[in-house]
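Descriptive structure summary
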Amino acid sequence: MRALLKRVTRAPGGRRGKWLVLAAWLIVAVALGPLAGKLGDVEDSSANAFLPRGAESARVNTELEKFRTDTVMPAVVVYTGDGADAKAAADQNAFAQFLPAGEEVSQPIPSEDGEALMTVVPLDSEDEITDTIDKLREIAGANAPPGVDVEVGGPAGSLTDQVAVFDGLDSTLLIATALVVAFLLLITYRSPILWLLPLLSVGFAAVLTQVTAYLLAKHAGLPVNPQSAGVLMVLVFGVGTDYALLLIARYREELHRHADRHEAMRIALGRSGPAILASAGTIAVGLACLAFADIDSSRSLGLVGAVGVVCGFLAMVTVLPALLVITGRWVFWPSVPHHGTPARKPRTVWSRIGTAVARRPRWSWMMSVAVTGVLALSAAGISMGLTQAEMFQDKPESVVAQERISAHYPSGASDPAEIITSTDQAAEVRTAAAAVEGVARIEDGGDRTPDGELTTLSVVLQDAPDSQAAKDTIDELRHAVHQVEDADALVGGTTAQTLDTQRAADRDLTTVIPIVLLVVLGVLIWLLRALVAPLLLLATVVLSYFAALGASNLLFEHVLGFAGVDWSIPLLGFVFLVALGIDYNIFLMHRVKEEAAGLGHMRGVLEGLTSTGGVITSAGIVLAATFAVFAGLPLVTMAQMGVLVGIGVLLDTFLVRTVLVPALALDLGRWFWWPGKLFRHLAALDREAAGSATSPSAQDRTHEPA
């Protein structure tokens, strides 16, 4: 693998190879660029794209495709206030123009307290339903008498509000992330030109990523949904910029040592390449482990993210080196690295930190563990789960409509559960369902398959569809209808989907996390050729994850005002933070290993920390800032993931990599590298040093007069 990497990395820095590499990327960008904009064409935004594989609610959605009216999705219009009767009657006639053939707008349904009216408008989901909802809301909001409030919600309204969150998400995130990265690169390099090269290289990577994801989705079944497509670009920018910072820093060092920039790039790629490869491999394989998750949205995020990391790696070790060599030393202006000058100042902030840690390494790592441990304790009080109303930072109209319905009707009236059963046993299933506590009423869905074998029943629950009481009712409802022989009854709907997702999230935690840990451990063992160091590095990243989770929970609860943490966040946050957080340990320890082989263990640790301190800190800030872009999104789940990953990356950057890991390495000494070749090499150096200290000539010298 190392020999292959060495051959591959020669081309971008070669005198002819640099032009061939740049030409190849330009051809790829021009030829495949039109496909990059088609990723949205293969995105799956159906309900099943966010549900667990094989879940009963997902099977209900699949079975509904067999029904004639499977394309009907209801919108629910709620009227409150004096004078609502006339407004509801007028709107009923206006809504009729949007109905599919054979459907009717329901008569306004009064609430038992007489303070609200509810109209159900069946819509064709195969049409542009979001446009239709916008028109319904325009009609509902026009000419409303003073004191009358009208909201449009129901499944169609909720879908419209969710789509609005993702509408333009890719372009918004791409622009915001590019601006953040450009600003941070400009600050980092203080050069008017250099910052453009990483950004241009990441642009090439983004094109390749979108094209690859589109082709895999279209021809190989890669699952893509709006959430994974949005995260994809942020991940490519963050990871790609990290690799660019590492490579440029090493290239700059070699420019101080070599007059020929081509030779400097060849050495820089040869020495930093294994660390970048190990990092990319760890992140890609770690994200790919989400393929073992039951929840389809998690699987999509992992697999699509792995594609992005691989494409980002390819761009950063090919087109970026070619651009750097083509532009020459002047691109670093005004701080041009001249041959023969020192690569860095003899005393830096990182050398001072290393010296401070070396004085009391055990105290340093114990205090670091104490700080992260205290933060991790806050994770014990996390409130898991968000209701539909709590999924948005700003309350959309569909949520307001549901609140109105819950206040004046049985809470489940706007979004009933669905039962699919064999027609022959429909009466028995109805009887069994009606006996379940928590069921307000049962209505015929009015739907049968063309062959008449299956029938739907609509079950209105007493409690709000996203409440725990409604989930408990779904459990009891399923138990009751499953007891009816030969009915093959299935229970679905929004509440059932939430329940299935919650349980699948728990299963995914216990399935995916051990796989990710084993994969990351394997990569570290391969890279460091040791066992103790990889185990300790993995333990520090896991500790950092729990500290980040605890710190994020404090922000969610006391600053951002979130009601809880979405069920998907612990797993996605773990995979992202372990895969991304181990990055900086890989960058640090790969350099430490290189330096320790020649300087000894203690000096190697200090030199590795000093030489990588600036670049890793810059990389951590860039990566945290790119994920922080999510915090401004209206969807709470995305905001929570951005905050968690951002805090975790900063903890890894400023505490774990800067203090905890070096302190552990210094405290353990050469045993940190047990049982690898470096451990034996350092033992030989110790014996040689001890022998020199006790040799007769050395003893004689110690007794010579000063």
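For the structure given in this document, a descriptive report is provided here. (Residues numbered from 1 in each chain as written. Predicted model: local features only at pLDDT ≥ 70, side-chain atom pairs only at ≥ 80, totals over all residues. Heavy atoms only, no water.)

1. Considering the overall build of the protein
To keep it simple, the criterion reads: Elements are defined by DSSP. Helices are runs of H or I of four residues or more, strands are runs of E of two residues or more, and each kind is numbered from the N terminus. Summary of the burial criterion: residues with accessible area below 20% of their type's maximum are buried, those above 50% are exposed, and those between are partly exposed, where the area comes from a 1.4 Å probe applied to protein chains only. Using the Shrake-Rupley algorithm and a 1.4 Å probe, accessible areas are obtained, with residue cover drawn only from the displayed protein chains. For the purpose of counting charges, residues Lys and Arg are taken to be positive, whereas Asp and Glu are taken to be negative. His and the chain ends are not included. Charged side chains are reduced to one point each, which is NZ for Lys, CZ for Arg, CG for Asp and CD for Glu.
Summing up its helical and strand segments, the protein has 25 helices and eight strands in all. Projected onto the principal axes, the alpha-carbon positions of the protein cover approximately 110 × 50 × 50 Å. For the protein, buried positions account for 55% of its 706 residues. Summed over all atoms, the accessible surface of the protein reaches about 29,500 Å², with 59% contributed by carbon and sulfur. Of the side-chain charges in the protein, 51 are positive and 71 negative, and the distance between the mean point of each set is 25 Å.

2. Quick word on the sheet that holds strand β4 (residues 149–153)
Selection rule: Here, strands pair whenever DSSP counts at least two bridges between them.
Strand order in this open sheet of four strands is β2-β3-β1-β4, and the pairing throughout is antiparallel. Looking along the sheet, the strands with just one partner apiece sit at the ends: β2 (109–110) and β4. Strand direction decides the pairing type here: strand β1 (residues 72–80) and strand β3 (residues 116–124), joined by nine bridges, are antiparallel. Across the sheet, tyrosine 79 pairs through a bridge with leucine 117, a residue of β3.

3. Some remarks on the side chain of glutamate 151
We count it as follows: Polar contacts, as used here, are pairs of N or O atoms within 3.5 Å; protein pairs need one atom able to donate a hydrogen and one able to accept it. Residues neighboring in sequence count only if both atoms are side-chain atoms.
Counting through the fold element by element, glutamate 151 comes out in strand β4. Relative accessible area serves as the criterion here: at 10%, glutamate 151 is assigned to the buried category. At a separation of 3.3 Å, a polar atom in the side chain of glutamate 151 contacts the side chain of arginine 404.

4. Considering empty space enclosed by the protein
Operational definition: The way it works is a 1 Å grid over only the protein atoms, where trapped points that fit a 1.4 Å probe form a cavity and open points with protein on both sides within 12 Å along at least five of seven lines form a pocket, and then any residue with an atom within 4 Å of a point lines it. Grid points are joined across faces, edges and corners, and a volume is the space filled by probe spheres set on the points. Only Asp, Glu, Lys and Arg are considered charged in this grouping, and only Ala, Val, Leu, Ile, Met, Phe, Trp, Tyr, Cys and Pro are considered nonpolar; every other residue, Gly among them, is considered polar.
Scanning the entire structure with this criterion turns up one cavity of 30 Å³ or more. Looking at the largest cavity, its volume works out to about 120 Å³. Leu246, Arg250, Phe587, Arg591 and Thr612 are, among the 13 residues lining the largest cavity, the residues nearest its centre. Per-element tally for the lining of the largest cavity: the top contributor is helix α10 (residues 226–257), with four residues. Of the residues assigned to the lining of the largest cavity, the class counts are five nonpolar, four polar and four charged.

5. Structural notes on a nonpolar patch on the surface
Stated precisely, the cut-off is as follows: Grouping into patches uses exposed residues only, defined as over 30% relative accessible area, and leaves out salt-bridged ones; the cut-off is 9 Å for like charges and 5 Å for nonpolar side chains (Val, Leu, Ile, Met, Phe, Trp, Tyr). One speaks of a salt bridge when a side-chain nitrogen belonging to Lys or Arg is within 4 Å of a carboxyl oxygen belonging to Asp or Glu.
On the surface, a nonpolar cluster with roughly 520 Å² of combined accessible area is contributed by Ile525, Leu531, Leu535, Leu668, Trp671 and Trp674. By secondary structure assignment, the location of tryptophan 671 is in the loop between α23 (636–668) and α24 (677–694).

6. Quick notes on the environment of tryptophan 350
Here is the rule: Throughout, a contact is declared for two residues whenever any of their heavy atoms are within 4.5 Å.
Within the secondary structure, tryptophan 350 sits in helix α14 (residues 349–359). Counting along the chain gives 74 residues from tryptophan 350 to aspartate 424, while the straight-line C-alpha distance between them is 76 Å. Residues contacting tryptophan 350, with those up to four places away along its chain left out, are Leu609, Thr610, Gly613, Gly614, Thr617, Arg657 and Thr658.

7. Overview of the environment of proline 274
Relative to the assigned elements, proline 274 resides in helix α11 (residues 261–288). Of the residues examined, proline 274 reaches a relative accessible area of 8% and is grouped as buried. Once the C-alpha coordinates of proline 274 and glycine 604 are considered, the two residues, 330 residues apart in sequence, prove to be 18 Å apart.

8. Comments concerning the side chain of histidine 601
Of note, histidine 601 is situated in helix α22 (residues 601–628). Apart from the residues lying within four places of it in its own chain, the contact partners of histidine 601 are Ala596, Ala665, Leu666, Gly669, Arg670, Phe672, Trp673 and Leu682.

9. Re the packing of aromatic side chains
Put simply, the rule is: We call Phe, Tyr and Trp rings a pair once their centres come within 6.5 Å, taking the six-membered ring for Trp, and we label the pair stacked below 30 degrees between planes, edge-to-face above 60, and tilted otherwise. Charge-over-ring contacts are defined here by two conditions on Lys NZ or Arg CZ: a distance within 6 Å of the ring centre and an angle within 35 degrees of the ring normal.
Counting across every chain of the model gives eleven aromatic pairs. Geometrically, the ring pair formed by tyrosine 251 and phenylalanine 332 is tilted, given 6.1 Å between the ring centres and 40° between the ring planes. Of this pair, tyrosine 251 sits in helix α10 while phenylalanine 332 sits in the loop between α13 (319–327) and α14, placing them 81 residues apart in sequence. Each member of the pair, tyrosine 251 as well as phenylalanine 332, carries the same accessibility label: buried. For arginine 657, the ring lying beneath its charged end belongs to tryptophan 350, and the centroid distance is 5.3 Å.

10. Some thoughts on a negative patch on the surface
Judged by side-chain charge, Glu128, Asp131, Asp134 and Glu138 come together as a negatively charged surface patch. Examined against the element boundaries, glutamate 128 turns out to sit in the loop between β3 and α6 (129–141).

11. Topic: the packing of α10 against helix α12 (residues 296–316)
In plain terms, the rule: Axis lines are fitted through C-alpha atoms, for helices just across the contact stretch, and the angle between N-to-C directions can take any value from 0 to 180 degrees. Reported orientations rely on four angle classes, namely roughly parallel under 35 degrees, roughly antiparallel over 145, roughly perpendicular from 65 to 115, and oblique for the rest. Each crossing gets its hand from how the near helix is turned against the far one by less than a right angle, where anticlockwise is left-handed and clockwise is right-handed.
Interaxial distance between α10 and α12 falls to 8 Å at its minimum, and their mutual angle equals 30°. The pairing of α10 with α12 is recorded here as roughly parallel in orientation. You can see that α10 and α12 cross each other, and the crossing is right-handed. Contact with α10, carried on its side by Gln227, Ser228, Val231, Leu232, Leu235, Val236, Gly240, Tyr243, Ala244 and Leu247, involves Ser297, Ser300, Leu301, Val304, Gly305, Gly308, Val309, Phe313 and Met316 of α12 and no other residues of that element. Class assignment for the residues of the contact of α10 with α12 results in twelve nonpolar, seven polar and no charged.

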